[in-house]
Amino acid sequence: MAAGLYCLQTPTWASWCWAGLLRAGPSGVVSGAAAGYLHGFVAEAPQQITIFHRGPRLRPLGDSDVAVVLKRGQRVGRGDPTRASVEVALLDVARESSEDVTVAAVTRAFQQRLTTPTRVLEAVSTTTRVSHRRVLFDLCQEASDGVESLLEWRFHTVVLRPHGLPSPERQAEVVRGSRTDALWRDYGLVAELDGRLGHQEAFRDMARDNRLVMRGLQTLRYGWHDVIHRPCEVAWQLHEVLSMRGWAGTRKRCRRCRRVGLS
């Protein structure tokens, strides 16, 4: 696997992780998405394992499936294999990833109670160069208010706010034992955000929607494609229903509205 490092079977992702740490020496610490995978807030083992160490420059390791990148830098390690703290790993994920990947990692870490918005904000505040800093600040604030998924985050940032729609209650319990993603209680409207739905989940959603109707609530349901690729159309739909149910506010046009011809 490297000079003086041998594996007696076909190397796995974990094998390459350990090989990288052994190559880096005592100061080696796994960080970034690889640390996120070890902590549990990154769902799949990343193709790149980033290891920080304080020694001399080292060549990368790996095979066709895994690349181990050894970077010079200091990280405080914990656990076995040694990995950076959740907060530091999240900031490293932000440095090497897109905004969507960063938000997904942070929301998953919050959902699993691996960290808190306060701890992430402290890490951001004490670090000089942070990618997606503004998004991290906003997301920590939103998480404190109840945003629990990337799709829900996008719903609030690209559908509701740019179009001047009223803020709903988040994760409100209307039907006993289940929560709604967004509830406009005064206007009897619920918005549910669907990620991946199997048949069983779809049946449960239908049953919940029916119970909401029995309580005089109307449900609008949106998926990933709707929120990400058709945010203005979704906002216009919500505005129409809210208006029919008594909301007297004025909707706004964002730049995309003008581009797609919504007036």
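These remarks concern the structure in this document.

Rules and cut-offs
- Residues numbered from 1 in each chain as written.
- Predicted model: local features only at pLDDT ≥ 70, side-chain atom pairs only at ≥ 80, totals over all residues.
- Heavy atoms only, no water.
- Axes fitted to C-alpha atoms, helices over the stretch in contact; angles between N-to-C directions.
- Helix = DSSP H or I, 4+ residues; strand = E, 2+ residues; numbered from the N terminus.
- Parallel < 35°, antiparallel > 145°, perpendicular 65-115°, else oblique.
- Left-handed = near helix turned anticlockwise from the far one by under 90°.
- Contact = heavy atoms within 4.5 Å.
- Nonpolar A, V, L, I, M, F, W, Y, C, P; charged D, E, K, R; others polar.
- Buried < 20%, exposed > 50% of the residue type's maximum accessible area, 1.4 Å probe, protein only.
- Phe/Tyr/Trp six-rings, centres within 6.5 Å; stacked < 30°, edge-to-face > 60°.
- Lys NZ or Arg CZ within 6 Å of the ring centre and 35° of its normal.

### Side note on the packing of helix 3 (residues 86-96) against helix 5 (residues 117-125)
- Their axes nearest at 9 Å, the elements helix 3 and helix 5 cross at an angle of 60°. Considering their axes alone, helix 3 and helix 5 lie oblique with respect to each other. Crossing of helix 3 against helix 5: the hand is right-handed. Touching Glu 87, Leu 90 and Leu 91 of helix 3 are Arg 119, Val 120, Ala 123 and Val 124, all from helix 5.
- Classifying every residue of the contact of helix 3 with helix 5 by side-chain character gives five nonpolar, no polar and two charged.

### Here we look at unusual backbone geometry
- Of note, the amide linkage connecting Asp 80 to Pro 81 takes the cis form, showing an omega dihedral of 0°.
- Summarising the element assignment, Pro 81 is placed in the loop between strand 4 (67-72) and helix 3.
- A positive phi is found at His 132, a non-glycine position, where the angle reads about 60°.
- Turning to its location among the elements, His 132 is positioned in the loop between helix 5 and helix 6 (133-145).
- On the basis of relative accessible area, His 132 is assigned to the partly exposed category, the value being 25%.
- Despite not being glycine, Gln 171 has its phi angle at roughly 50°, a positive value.
- Relative to the helices and strands, Gln 171 resides in strand 5 (residues 169-173).

### Here we look at the packing of aromatic side chains
- Enumeration over the complete set of coordinates arrives at one aromatic pair.
- When the centroid spacing of 5.0 Å and the interplanar angle of 75° are considered together, the rings of Trp 13 and Tyr 37 count as edge-to-face. One end of the pair, Trp 13, is in helix 1 (residues 13-24); the other, Tyr 37, is in helix 2 (residues 32-39), and 24 residues separate them in sequence.
- Residue classification places Trp 13 among the buried residues on the basis of a relative accessible area of 14%.
- The ring of Phe 52 carries Arg 75 above its face, with NZ or CZ at 3.8 Å from the centroid.

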